[in-house]
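Overview (structure and organization)
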Amino acid sequence: MVRKAQAQAKAKTKTESVVKAARRAEVRLPPLRPFEGAELEPDGDYDGVEFRDLDLGAQDGGGALFMDCAVTGCALGETRLARARFVDSVLREPRGVGTDLTEASLRDVEVVDARLGGVQVHGGVLERVVVRGGKIDYLNLRKARLRDVVFEGCVLVEPDFGLASLERVAFLDCVVRGVDFSGVRMKDVDLRAAGELEIARGVECLRGAVISPEQLIDLAPAFAGQVGVKVAGA
């Protein structure tokens, strides 16, 4: 047992020397009261509220503050949440297309089993956020700032990180297809455990990321193309 613990500690130290691990969100919700309003309000203040199995589609909660809240099984199609703030909150099984989270702020937030498409988080700020399970199509994170963010066991189809800033971001056991990393600034970004990694644009912007030897082989043609090297048989 002692030898096993020493080996695990050694492996952890080796990993941390390669890339700093993201600090995970640890959300502990207090007792919640059910949402009793007719619909979301712009610049609303929601503290300790549970939104459960509601159709919030096309409603306007722009600029609202969600503190110690749970959003469970709600429809968020075309819901306007631009510049909203989510703090110490959990979003479980959100679903919908066209949710607007432009310039929103998420801090100490868990997003679990999402089924979303065309989510706009352009210019948003994500800090200590975990996205676990589910599938998100066409996630727009252009010019966003991500720090201590973990994508785990989820499917991301054509996510756009163009011109974003990523620090201590990890992709664990997830599928990332057609990702756009154009103009991204990276620091301690761990891509090694992504089950599938397909980079459509921005392979030249991977400075500050860590990839596995297998991923290096898969990306070799793209890297060669960036430096103008032709690969051909004799």
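Keep in mind that what you see is a predicted model, and the values were worked out from it rather than measured.

The rules behind the values
Residues numbered from 1 in each chain as written. Predicted model: local features only at pLDDT ≥ 70, side-chain atom pairs only at ≥ 80, totals over all residues. Heavy atoms only, no water. Pairing = 2+ DSSP bridges. Helix = DSSP H or I, 4+ residues; strand = E, 2+ residues; numbered from the N terminus. Patch = residues over 30% accessible without salt bridge, like charges linked within 9 Å, V, L, I, M, F, W, Y side chains within 5 Å. Areas by Shrake-Rupley, 256 points an atom, 1.4 Å probe, with all protein chains shown as cover. Salt bridge = Lys/Arg side-chain N within 4 Å of Asp/Glu carboxyl O. Core = buried A, V, L, I, M, F, W, Y, C linked by side-chain atoms within 4.5 Å. Buried < 20%, exposed > 50% of the residue type's maximum accessible area, 1.4 Å probe, protein only. Contact = heavy atoms within 4.5 Å.

1. Side note on the pairing of strand β8 (residues 105-117)
- With seven bridges joining them, strand β6 (residues 85-92) and β8 adopt parallel strand pairing. The partner of Phe 86 across the bridge, within β8, is Leu 106.
- For strand β7 (residues 95-97) and β8, the ladder comprises three bridges, and the chain directions are parallel. Its bridge partner being in β8, Arg 95 is matched across the sheet by Arg 115.
- By the bridge criterion, 11 bridges tie β8 to strand β9 (residues 125-137) in an arrangement that is parallel. Paired with Arg 115 across the two strands is Lys 135, which belongs to β9.

2. Remarks on a nonpolar patch on the surface
- The grouping of Val 227, Val 229 and Val 231 at the surface amounts to a nonpolar patch, some 320 Å² of accessible area in total.
- Within the element layout of this structure, Val 229 appears in the segment after α2 (213-226).

3. Observations concerning the nonpolar core
- Membership of the largest hydrophobic core comes to 56 residues, with the highest contact counts inside it found for Phe 51, Phe 66, Leu 146, Phe 151, Phe 161 and Phe 171.
- If one sorts the elements of this core by residue count, β8 sits on top with five residues.
- Contact partners of Leu 146, with chain neighbours within four places excluded, come to Leu 126, Leu 141, Phe 151, Phe 161, Ser 165, Leu 166, Glu 167 and Val 169.
- Counting six residues, the second-largest nonpolar core is a separate cluster that includes Ala 25, Val 90, Val 130 and Val 150.

4. Considering unusual backbone geometry
- Residues other than glycine seldom take positive phi values, yet Asp 148 does so here, at roughly 60 degrees.
- Looking at the secondary structure, you find Asp 148 in strand β10 (residues 145-152).
- Positive phi, normally seen in glycine, also occurs at Leu 163, with a value near 65 degrees.
- Summarising the element assignment, Leu 163 is placed in the loop between β11 (155-157) and β12 (165-172).
- Using a relative accessible area of 37% as the deciding quantity, one classes Leu 163 as partly exposed.

5. Examining the pattern of salt bridges
- If you walk through the whole model with that rule in mind, you get 15 salt bridges.
- Salt-bridge contacts for Asp 190 lead to Arg 192; the nearest nitrogen and oxygen are separated by 2.8 Å.
- For Asp 190, a relative accessible area of 14% gives the class buried.
- With relative accessibility at 29%, the residue Arg 192 sits in the partly exposed group.
- Connected through shared salt-bridge partners, Arg 23, Asp 148, Glu 167 and Arg 168 make up one network.

Coordinates in, geometry out; function isn't part of it.
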